[in-house]
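Examining the three-dimensional arrangement
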Amino acid sequence: MKLVERRPRGGGLTPAGGFLANHVLRAQTLLAQAVRGIAEFRQPATGSLSIVASGVPGTYLLPEVVAAFQRAHPGVRVSIELATSARAVESLRSHRAEFAVVGGFAAAPEIEAEPLVEDEIVVVGPPQRACRRMSRRDAESMTWISREEGSASRAAIEAAWADSGITPNHRLDLPSWEAVKLAVARGHGVAGCSRFAVDGELRAGSLALIRLPRWKVRRTISIIRFRDAALTPSAREFLTMLRARWGAPPRQRRRAAMCS
C-alpha cells in the first residue's frame, strides 16, 4: 500500500498514509499514557494527571478540587486543558487526557458519561437592568454575547432561543466567560451564562439577572471518559474528590440580585 507520495517539491501522505498515521499517533499517545500510569504502581502518589475541561467546569468547578488534590498528593502533577466540549471529546479520542469534565457533549459510542452536577443557564445584563422583565421583542433587539462555536453553553442558549421564539438581531462571540461577563457589565449587551460563572457578580451587583418569559434552561455537567479505559490511581482518587465536592445534591444558593 502506497503511504507517501513524492512530489517535485517535497512529498506528502496519501489518503491511506493519513489514515494509518492517525492510528499510529493515537497508539503512541496511549502507550505513553500507560508508561506514565504504570509508574504510579511502583511509587504511589507520584506521576502526572491530564484532564480536559470545558469553560464552566474548568474555570469554576475544578480549581478548588485541584488545589485540595495537590495538598493531599504533592507528588502528582495535575494539568488541565481548557477546551470546548467538542474539543474535549477529541482529546479523549486521541488519549491526550484520562477524562474530561464538560457541560454537555455529542454522544459517541466509545465515550461514556457520568452526570456530576446540574447547571442553570440564566440571562444577565448590566446593573442598570436589574429587576427588569424583558419581552421577546426586547430580547431580539439586544446584542447577545456568547462563547465561540463548539461551546456547550452556547448550544444550550441557542436551543432556548428556539424554544422561546427569539431570533437575535445582533450577536457578539468572545473567547472566554470572563470576556463575556466584562462586555455585559460594560453595557455592550446581554448574555446567557452558567449560574456557576456569574454567582459572584450577581452578589456583588456588577451584573443583574434578567427575566425572560419561558426561559428555564438547565443542563448537566458530566464526567466523560473513554469507555472501558483503565484509570490510573491518581485519576481514580481525583474523581473521588470531584464527586465528593460537586456530586452531592446542589445546595440552595443565595439568589443574589433576584427580584421578587
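Everything below is about the structure printed above this text.
Residues numbered from 1 in each chain as written. Predicted model: local features only at pLDDT ≥ 70, side-chain atom pairs only at ≥ 80, totals over all residues. Heavy atoms only, no water.

A closer look at the overall build of the chain
Per the secondary structure count, the chain includes 8 helices and 11 strands. With respect to the three principal axes, the spread of C-alpha positions in the chain is 65 × 55 × 30 Å. Counting every position in the chain, which comprises 260 residues, the buried fraction comes to 44%. A sequence separation of at least 24 residues applies to 79% of the contacts in the chain between residues at least 6 apart. For the chain, the exposed surface amounts to about 14,000 Å²; the carbon and sulfur share of it is 55%. Between the centroid of the 38 positive side chains of the chain and the centroid of its 24 negative side chains there is a distance of 3 Å. (Helix = DSSP H or I, 4+ residues; strand = E, 2+ residues; numbered from the N terminus. Buried < 20%, exposed > 50% of the residue type's maximum accessible area, 1.4 Å probe, protein only. Contact = heavy atoms within 4.5 Å. Areas by Shrake-Rupley, 256 points an atom, 1.4 Å probe, with all protein chains shown as cover. Lys, Arg positive; Asp, Glu negative; His and termini not counted. Charge placed at Lys NZ, Arg CZ, Asp CG, Glu CD.)

Examining the packing of aromatic side chains
On inspection of all chains with the given rule, the structure shows 5 aromatic pairs. Taking 5.5 Å as the distance between ring centres and 80° as the angle between the ring planes, the aromatic pair formed by Phe 196 and Trp 246 counts as edge-to-face. Remark: Trp 246 occurs in helix H8 (residues 233-246) and Phe 196 occurs in helix H7 (residues 195-204); sequence separation between them is 50 residues. Per residue, the accessibility class of Phe 196 equals that of Trp 246, and both read buried. Ring-pair connections join several aromatic residues into one group, and the members of that group are Phe 69, Phe 99 and Phe 238. Above the ring of Trp 246, the side-chain terminus of Arg 245 is found at 3.9 Å from the ring centroid. (Phe/Tyr/Trp six-rings, centres within 6.5 Å; stacked < 30°, edge-to-face > 60°. Lys NZ or Arg CZ within 6 Å of the ring centre and 35° of its normal.)

Overview of the pattern of salt bridges
Within this structure, the stated rule accounts for 18 salt bridges. With a closest N to O distance of 3.3 Å, Glu 5 and Arg 7 form a salt bridge. Taking the shortest distance from any N to any O, the salt bridge between Glu 90 and Arg 93 comes out at 2.6 Å. Here the residue Glu 90 and the residue Arg 93 both occupy positions in helix H3 (residues 85-93), the gap between them amounting to 3 residues, near one helical turn. (Salt bridge = Lys/Arg side-chain N within 4 Å of Asp/Glu carboxyl O.)

Description of the pairing of strand S7 (residues 143-146)
Pairing between S7 and strand S8 (residues 170-173): 4 bridges, direction parallel. Along S8, the bridge assignment pairs Trp 144 with Arg 171. The β-α-β motif built from S7, the intervening helix H5 (residues 152-164) and the parallel element S8 has right-handed crossover chirality. (Pairing = 2+ DSSP bridges. Right-handed = clockwise from strand over helix to strand, strands pointing away.)

Treat this as a map of the structure, not an account of what it does.
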